[in-house]
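# Understanding the architecture of this molecule
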Amino acid sequence: MTQRAKIDTDGSEAQAAGPPPVVHRAAGLTSAEVAERVARGEVNDVPVRSSRSTTDIVRGNVFTRFNAIIGVLWVIMLVVAPIQDSLFGFVIIANTGIGIIQELRAKKTLDGLAVIGEAKPTVRRDGVTAELSTSEIVLGDLIELGPGDKVVVDGVVAEADSLEIDESLLTGEADPVVKKAGDPMMSGSFVVAGGGSFTATKVGREAYAAQLAEEASRFTLVHSELRSGISTILKYVTWMMIPTAIGLVISQLVVKDNDLKNSIARTVGGIVPMIPEGLVLLTSVAFAIGVVRLGRKQCLVQELPAIEGLARVDVVCLDKTGTLTEGGMDVTELRPLGDTDETYVRKVLGALGESDPRPNASLQAIIDAYPDTVEWRCTEALPFSSARKYSGAAFSEGDGETSTWLLGAPDVLLPAGDPTLTEIDHLNEQGLRVLLLARTAHELDDPEVAADAHPAALVVLEQRLRPDASDTLAYFADQNVATKIISGDNAVSVGAVAGKLDMAGAENTVDARTLPTDREEMAKVLDENAVFGRVTPQQKRDMVAALQSHGHTVAMTGDGVNDVLALKDADIGVSMGSGSEATRAVAQIVLLNNSFATLPSVVAEGRRVIGNITRVATLFLTKTVYSVLLAVLVVCSQVEYPFLPRHLTLLSTLTIGVPAFFLALAPNKERAKPNFVRRVMRYAIPGGVIAAAATFTTYLLARHHYKGTGALEAETSAATLTLFLVSMWVLAIIARPYTWWRLALVATMGGAFLLVLVVPWLQDFFALKLVGVTMPWTAVAVAAGGGLLLETAWHWVDRRFPA
């Protein structure tokens with residue numbers, strides 16, 4: 001068949017039947033013109049930034065408020081005290097180094113995946129089309145467009161064939177805009193129907209959406225409840241820390257007439273543990289490791305907080321095509337209607353297939369089944385639109401006859417009550433997809449083109465189910481995540497597909513044309529049903545908003561242009577790697593392997609990261625609470641601060657640092673819950689209060705028990721033992737439910753502390769030596785009492801302040 005062209009059909013039969021007219025097709029820039037523009041720097045050189053730069057990563061991990069405070073204290077300790085009292089500084093260096101290394105690994109993974117997932121626009125040069133990287137486009141390039149293509153630079157339309165552009169991502173207007181030659185094109189918009197080409201007039205940073213796109217693609221740690229919650233906690237900690245530290249300094253240096261260097265050492269020992277610096281670092285590391293893990297599964301995380309968002313998801317909206325079914329289809333049957341000749345219908349279908357240069361999956365199946373073999377000429381085409389739910393074309397048939405045909409949804413093209421719809425319903429109930437071929441007497445640009453269309457044949461298509469779809473749906477059901485099938489296809493057909501996948505509620509399908517427009521009423525219908533058909537793009541968006549209005553955290557999957565609006569508005573947008581460029585641009589997560597079965601791994605990774613950070617945050621903040629309270633008690637009692645920095649470095653390492661690292665990487669399937677700050681502080685405050693009270697009690701008892709030379713060291717050792725045992729009790733509670741490795745972790749930390757107490761050189765290094773029998777056992781007894789209080793207090797908190 002000849003190349004499709006839109007021509008003037010003024011009734012000349014000789015012209016219609018003769019050879020096709022020569023259609024002028026712009027050749028685009030020549031190689032010499034491209035080279036000239038490159039030399040002038042007129043290139044689309046906006047850097048594709050999928051992650052923070054190496055400099056930003058190092059700066060972000062090193063130059064923090066708390067690293068600055070600890071750095072100053074570390075320098076002071078290096079001057080006035082032995083090296084073992086400066087260990088906390090080396091720990092910070094190690095933690096910061098780990099954070100940098102992990103984020104650099106994540107950057108490498110993310111950058112590699114971003115290159116794999118990068119869409120390449122089709123550019124015409126020297127009359128030849130080729131796919132180029134967006135960075136290779138130059139000013140004046142002729143860029144071809146088809147359904148789903150994103151407009152990557154600003155320009156002016158050169159050729160338009162029923163070209164419809166969605167500019168909603170830029171203007172907020174959901175209705176597509178019809179573009180003609182000479183109309184402006186804005187970068188960031190995308191094609192919803194038709195095709196054409198445009199000439200680039202602005203490239204690089206001059207393009208309208210360039211800076212927005214660059215900003216949106218960055219590897220970022222902002223805009224998440226977890227991060228903002230930690231920032232809130234750190235703000236309050238700072239407020240508490242400053243007056244407490246000042247009081248401690250005055251108490252130890254002025255009120256107590258002690259050795260100056262020893263007083264400074266104990267003052268620093270009281271200030272350092274107030275800072276939960278490891279919590280921020282551990283959060284960054286956990287997120288970064290999450291990105292690396294997902295990257296290995298061909299999952300591109302375009303916005304880091306998406307990992308957190310997935311952990312909170314309780315509703316997943318699935319588009320049937322490309323998600324539950326594979327992209328390809330097969331024609332299983334052709335049913336002529338009335339007295340229509342089947343041979344003639346086959347010719348029509350072959351011509352229709354040839355009329356669209358970018359066929360969708362349904363039309364591709366028709367092309368495969370009915371190749372074009374006759375010299376029909378397409379005089380005008382109406383591309384498929386998900387809003388219309390049909391496509392069309394007008395033909396000159398080569399014998400002087402002309403005809404106009406529509407191909408699309410039968411229940412849209414046929415009036416309600418048509419007997420053919422009953423036949424179609426039986427086919428839909430078997431999970432088959434049915435298209436109606438109909439002849440129309442109207443022009444294609446007539447708004448009423450589908451009115452009075454005469455049905456000619458039914459094209460029966462069978463969709464290929466994804467082999468892993470059933471297991472994936474079962475996973476979500478098991479995890480108490482509701483799934484909603486939202487499709488533009490016939491509701492009965494969609495329900496049949498869901499039924500084949502054993503999805504709960506598949507038998508109750510809803511035709512979206514009957515959905516109420518009121519958001520509250522729509523939300524009720526969505527809560528009560530699971531399968532929806534004949535959903536328009538705008539309705540998909542409305543359905544996401546309705547679910548969110550009922551407090552749901554919604555993830556939306558899709559691969560077509562009709563999914564973009566809903567993907568953009570959902571809490572988490574998930575796009576298939578083979579989907580349109582527009583969907584990949586707005587989605588936070590792209591499944592590069594096009595496998596819906598990857599989604600459970602993504603959800604599980606989000607739950608693991610957020611659940612574990614919430615768990616270990618209690619460890620860090622319990623330390624902050626007891627450190628502040630101990631300092632306050634010391635200031636009020638006018639006694640020496642009991643600990644040197646080395647003691648608290650040892651305790652922090654064994655009861656927080658090492659255990660938190662392993663616990664943060666452990667499996668965790670619990671869905672993340674809101675109110676992070678409240679959930680963490682309701683345990684950290686009673687835990688810190690009890691730890692401080694028990695420790696200070698032991699310290700006061702030891703002050704009355706020990707006298708003479710070495711008394712302060714003996715008192716410190718007894719207090720350290722109590723604080724360690726209570727902190728271990730906190731760790732033991734946090735580590736529940738127990739597994740063999742968690743028990744081994746707790747036991748190893750206890751064994752390491754026991755080793756310090758019994759090995760002579762470690763005793764000297766950490767200045768820990770238990771004196772006598774009475775006071776050490778008293779310290780154990782006080783710690784046991786503190787542990788029982790911990791159990792009681794946390795059980796009371798669970799009942800009084802449920803999460």
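Residues numbered from 1 in each chain as written. Predicted model: local features only at pLDDT ≥ 70, side-chain atom pairs only at ≥ 80, totals over all residues. Heavy atoms only, no water.

## Quick notes on the packing of helix H23 (residues 645–664) against helix H26 (residues 740–758)
Between H23 and H26, whose axes approach to 10 Å, the crossing angle comes to 160°. In terms of orientation, H23 lies roughly antiparallel with respect to H26. When you trace H23 past H26, the crossing you get is right-handed. Of H26, the residues touching H23 (which contributes Leu-650, Leu-651, Leu-654, Val-658, Pro-659, Phe-662 and Leu-663) are Trp-741, Arg-742, Leu-745, Met-749, Ala-752, Phe-753 and Val-756. The residue inventory of the contact of H23 with H26, partitioned by class, reads 13 nonpolar, no polar and one charged. (Axes fitted to C-alpha atoms, helices over the stretch in contact; angles between N-to-C directions. Helix = DSSP H or I, 4+ residues; strand = E, 2+ residues; numbered from the N terminus. Parallel < 35°, antiparallel > 145°, perpendicular 65-115°, else oblique. Left-handed = near helix turned anticlockwise from the far one by under 90°. Contact = heavy atoms within 4.5 Å. Nonpolar A, V, L, I, M, F, W, Y, C, P; charged D, E, K, R; others polar.)

## A word on the side chain of Asp-141
Secondary-structure assignment places Asp-141 in the loop between strand S2 (128–131) and strand S3 (142–145). Overall, Asp-141 belongs to the buried group, its relative accessible area being 0%. In terms of polar contacts, Asp-141 uses its side chain to reach the side chain of Arg-125, at 2.6 Å. Beyond its immediate chain neighbours, meaning those up to four positions away, Asp-141 contacts Leu-29, Val-123, Arg-125, Glu-136, Phe-198, Thr-199 and Ala-200. (Buried < 20%, exposed > 50% of the residue type's maximum accessible area, 1.4 Å probe, protein only. Polar contact = N/O pair within 3.5 Å; in protein donor to acceptor, adjacent residues only side chain to side chain.)

## Topic: the sheet that holds strand S8 (residues 299–301)
Taken in spatial order, the eight strands of this open sheet run S8-S21-S20-S19-S9-S16-S18-S17, and their pairing is mixed. Whereas interior strands pair on both sides, the edge strands pair on one side only; in this sheet they are S8 and strand S17 (509–511). Neighbour-to-neighbour, the strand axes of the sheet open up by a mean angle of 20°, direction not taken into account. Two elements, strand S9 (residues 315–318) and strand S19 (residues 554–558), share three bridges in a ladder whose sense is parallel. When the sheet's bridge partners are listed, Val-315 is paired in S19 with Val-554. Strand contacts of helix H22 (residues 599–637): S8, S9, S19, strand S20 (572–576) and strand S21 (589–591), with the helix running at about 145° to S21, the strand carrying the most contacts. (Pairing = 2+ DSSP bridges.)

## Details of the pattern of salt bridges
Counting across every chain of the model gives 21 salt bridges. Glu-144 is paired through a salt bridge with Arg-124; the nearest N and O atoms lie 2.9 Å apart. Taken as a pair, Glu-144 in strand S3 and Arg-124 in strand S1 (residues 122–125) lie far apart in primary sequence, 20 residues in all. Residues Glu-144 and Arg-124 agree in their burial class; the two are buried. (Salt bridge = Lys/Arg side-chain N within 4 Å of Asp/Glu carboxyl O.)

## Here's the deal with the nonpolar core
Grouped together as the largest cluster of nonpolar side chains are 125 residues, with contacts concentrated most on Ile-589 and Phe-753. Sort the elements by how many residues they give to this core and H22 lands first, with 16 residues. Residues contacting Ile-589, with those up to four places away along its chain left out, are Cys-299, Leu-300, Ala-306, Leu-310, Ile-572, Gly-573, Val-574, Ser-575 and Val-602. In this structure, Ala-365, Leu-407, Leu-437 and Ala-457 belong to the second largest nonpolar core, which totals 25 residues. (Core = buried A, V, L, I, M, F, W, Y, C linked by side-chain atoms within 4.5 Å.)

Keep in mind these numbers describe shape, not what the thing actually does.
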